[in-house]
Amino acid sequence: MNQDTLMFFEGKPEALALYQNFAEKLFSEVGQVQVRVQKTQIAFSNGHNFAFVSFLPVRKAKERPQHYIVVTFGLGHQVQSPRIDGAVEPYPNRWTHHVLISREAEIDGELMGWVREAAEFAARKRRMS
């Protein structure tokens, strides 16, 4: 874990533990991934960004747990699931989804399936560019 990542989670050790669990699964399931720590998010890329971790307030404050991360991913279709806290279509056939994660158990096969699909979707865009 690099210093930028530690600074991103400064004062949020519970969120850092969630991030570490998510990142480990992502690297094991997706493979070659570049990570870029930015001011408000951490981006995962395979030539195109396909997933992000942030503290985006996707729920009203009173509905958010004390410790959480938000996993954001892009797909060519909208996912219909109660786990999705928000989905928008910023471009035709390009859906951005947000999932709030507050427990390690939520970093499961379903979430990682969406993230793998997002990585494949991004890789297809790269081949078409």
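Predicted, not measured: the structure shown is a model, and the values here were computed from it.

A. Focus on the environment of histidine 98. When you line up the elements, histidine 98 lands in strand S6 (residues 94-101). Spatially, the C-alpha atoms of histidine 98 and valine 71 are 5.8 Å apart, while their sequence positions differ by 27 residues. Once residues lying within four places of it in the same chain are set aside, the contact partners of histidine 98 are Leu56, Val58, Val70, Val71, Thr72, Arg83, Ile84, Asp85 and Gly86.

B. Structural detail: the sheet that holds strand S4 (residues 69-75). If you trace the six strands from one edge of the open sheet to the other, you get S1-S2-S3-S4-S6-S5, paired in antiparallel fashion. The open sheet is flanked by strand S1 (34-37) and strand S5 (86-91), the only strands paired with a single partner. Shown here is a sheet whose adjacent strand axes are inclined to one another by a mean of 20 degrees, direction ignored. Bridge count for strand S3 (residues 49-54) against S4 is four bridges, and the pairing is antiparallel. Within S4, the position partnered with alanine 51 by the bridge is phenylalanine 73.

C. Region of interest: the side chain of threonine 5. As for its position among the elements, threonine 5 is in helix H1 (residues 3-8). On the basis of relative accessibility, which here comes to 4%, the residue threonine 5 falls in the buried class. Look past the residues within four positions of threonine 5 in its chain and what remains in contact with it is Tyr19, Val37 and Ile42.

Definitions and limits used
- Each residue is numbered by its place in its chain's sequence as written, counting from 1.
- Selection of residues for local features in this predicted model requires a pLDDT of at least 70, selection of side-chain atom pairs for listing and counting requires 80 or more, and totals for whole chains, interfaces and linings are taken over all residues.
- Side-chain metrics in this entry use all non-hydrogen atoms of the structure; hydrogen atoms and water are not considered.
- Counting from the N terminus, the helices are DSSP H or I runs at least four residues long and the strands are E runs at least two residues long.
- Whether two residues touch is decided by their heavy atoms; if any such pair falls within 4.5 Å, the residues are in contact.
- For two strands to be treated as a pair, DSSP must find at least two bridges joining them.
- Lines fitted to C-alpha atoms define the axes here, with helix axes fitted over just the stretch in contact, and angles between the N-to-C directions of these axes take values from 0 to 180 degrees.
- Partly exposed describes any residue whose relative accessible area lies between the buried limit of under 20% and the exposed limit of over 50%, with all areas from a 1.4 Å probe on protein chains only and scaled to the type maximum.

Spatial relationships are all this shows, so hold off on functional conclusions.
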